[in-house]
Amino acid sequence: MSLQERLFAELNDAAHFDKIYQHAYNYYSTAHTKNAYPSEQEYVKLKHFDEELSNEGTGMETITKSLLEYGQPLMVNSLGGRYFGFVNGGMLPAGIASRILSDFWDQNAALQVMSPLVSKLELQVEKWLCNLFDLPKDSAAGFVSGTTSAIFCGLAAARWRILHRLGWDVSVRGLNGSPTIKIICSDESHAAVFRALSLLGLGNEEVTKIPTDDQGRVIAEEVPPLDDKTILILQAGNVNTGSFDPFAEILASAKRNNAWIHIDGAFGLWAKASSKFNHLTKGMELANSYSVDGHKTLNTPYDNGIVLCTDREAILEALNFSGSYLQYGEIRDGMKYTTEMSRRNRIVELWACLKSLGLNGIGELVELLHERAVLFSVKLATLGYEIINDVEFNQVLVKLDTKEKTLNALSYIQKSEICWCGPTVFKGQTGIRISVCSWTTTTKDIELSSEVFAKAMNAN
Ligand SMILES: *Cc1c(COP(=O)(O)O)cnc(C)c1O
């Protein structure tokens, strides 16, 4: 059989595809009842993947079997209700359902001629997001892999605009000999901000860091003087505490002084959708660019990040890409708003998740995560954990009276497999960091997890 004959035979094996679908659906639909973390014994299964690449190739049956038998038992169950690590987020039914379709379509999201549907959905979602976040109607959105990439794109636009105003085209001339851009951020800015700054040649050591309060919020009075050569980077949702910088107190004057303001709101920006939480984002509409994830609070499948920029020309110029063979369309060419050319069609899932929830549903999801986080913090406080942060959003930071006890408790919790969270150091305090960010987390999950935390205290 030739390779092509074999591949057509696999394509026509409908029974196999049905079987895969059944397995996948069973996994997804029962994940919320399962433990958060795989057991250590399962790690031996990874040995299965130590093999040379064969000369003759492998049939689809065998490949699927490998994944199901040796791969799936090692899944970190961030879809479940008791996974509180990082800020990982669950996955909405409409998100995975639309992804299954769009994975089969395998569209390249670079250009409209490659996928008119993708272009249309990107354009539509751009409008929805401008409306949701109260941005000028002609603001641009780029659909990228995550917030890290979104911050990079937003700051690239900032760099282009500031230097352009000074008569310097950074896209052509680069940074050698260019005027200096001043960078001001929070001393609690996410590591992804520093990564973007260093990739953009804007350094790291030179950055001025604004001191923050005990919740990790920038202290408004401490913001240094701003001018039109400055990029100011603020945060909606601190990774440790979930706190928001006081935008209303800072942005109006920053704007008057013509500084470029970027807001990193990876998971926090969605607070805007809830009337109970939009006081946290108040004033943020005045910024120039934003980074936010679909795959965290919104619970889209991975990977799904968004850059928003009120200066369309700046982002287009900063990410400028041309080639004689490129054929642009009149709806939209998604690659112009990202650092990539070929891209998967992740917009389908973002569109589906937004459509599934609607504006009220996004707000309700934010409120649900908060409610569970509060319940968790109350239960842990009753047990004797110290709650380090004000539970303003979906993050809870806890500790015991010594670092050693905290880390011992965490080790017990992680080994329990029942629930999972990670360590952090916030303002010199070693803590256990809990992020409630899956729509599946029930009060029962919080109870079960609190029982683990109770036992963990005695592990000392
Ligand atoms: C998660 C996070 C990032 C990084 O986002 P990715 O989607 O993982 O690239 C940046 N900033 C904040 C505040 C975050 O929470």
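Treat the numbers as computed from the prediction; the structure is a model and nothing was measured.

## Considering the environment of Ala456
Here Ala456 shows up in helix α13 (residues 443-458). Along the sequence, Ala456 and Leu166 sit 290 residues apart, while their C-alpha atoms lie 58 Å from each other. Beyond its immediate sequence surroundings of up to four residues, Ala456 is in contact with Tyr385, Ala409, Tyr412 and Ile413.

## Quick look at the side chain of Ser416
Following the sequence through the fold, Ser416 ends up in helix α12 (residues 403-416). Owing to a relative accessible area of 18%, Ser416 belongs among the buried residues under this scheme. Within the local environment of Ser416, its side chain forms a polar contact with the backbone oxygen of Ile413, the two atoms lying 2.6 Å apart.

## Re the state of the cysteines
What makes a disulfide is a covalent bond joining the sulfur atoms belonging to two cysteines. Evaluated as defined, the whole model comprises 0 disulfides. As a non-bridged cysteine, Cys153 has Cys309 as the owner of its nearest cysteine sulfur, 9.8 Å distant. By relative accessible area, which is 0% here, Cys153 ends up buried. A residue is classified by how much of its surface remains accessible, and Cys309, at 0% relative accessible area, is buried.

## A closer look at helix α6 (residues 147-165)
In a regular helix each residue adds 1.5 Å, so 19 residues correspond to 27 Å; α6 covers 27 Å between its end C-alpha atoms and thus fits that length. Counting buried residues in α6 gives 15 out of 19 residues, a clear majority hidden from the surface. Gly167 occupies a position one or two residues after α6 and carries a positive phi of about 80 degrees.

## Section: the environment of Thr442
If you trace the backbone, Thr442 turns up in the loop between β11 (429-435) and α13. Considering only alpha carbons, one finds Thr442 and Phe453, 11 residues apart in sequence, at a separation of 17 Å.

Cut-offs used in this document
Just so you know, the residues in each chain are numbered from 1, in the order the chain's sequence is written. Only residues with pLDDT of 70 or above have their local features reported here, since the model is predicted, and side-chain atom pairs are shown and tallied only from 80 upward, although totals for entire chains, interfaces and linings are computed over all residues. The side-chain numbers reported here are obtained from all heavy atoms of the structure, hydrogens and water having been left aside. The secondary structure listing takes helices from DSSP runs of H or I that are at least 4 residues long and strands from runs of E that are at least 2 residues long, numbered from the N terminus. Here, two residues are considered to be in contact whenever any of their heavy atoms come within 4.5 Å of each other. For the exposure calls, accessible area comes from a 1.4 Å probe over protein chains only, and a residue counts as buried if that area is under 20% of its type's maximum, exposed if over 50%, partly exposed in between. Throughout this description, a polar contact denotes any pair of N or O atoms lying within 3.5 Å of each other; where both atoms belong to protein, one of them has to be capable of donating a hydrogen while the other can accept it, and for residues adjacent in sequence the pair is counted only when both atoms sit in side chains. Criterion for a disulfide: a pair of cysteine sulfur atoms within 2.5 Å. By this rule the span expected of a helix is its residue count minus one, scaled by 1.5 Å.

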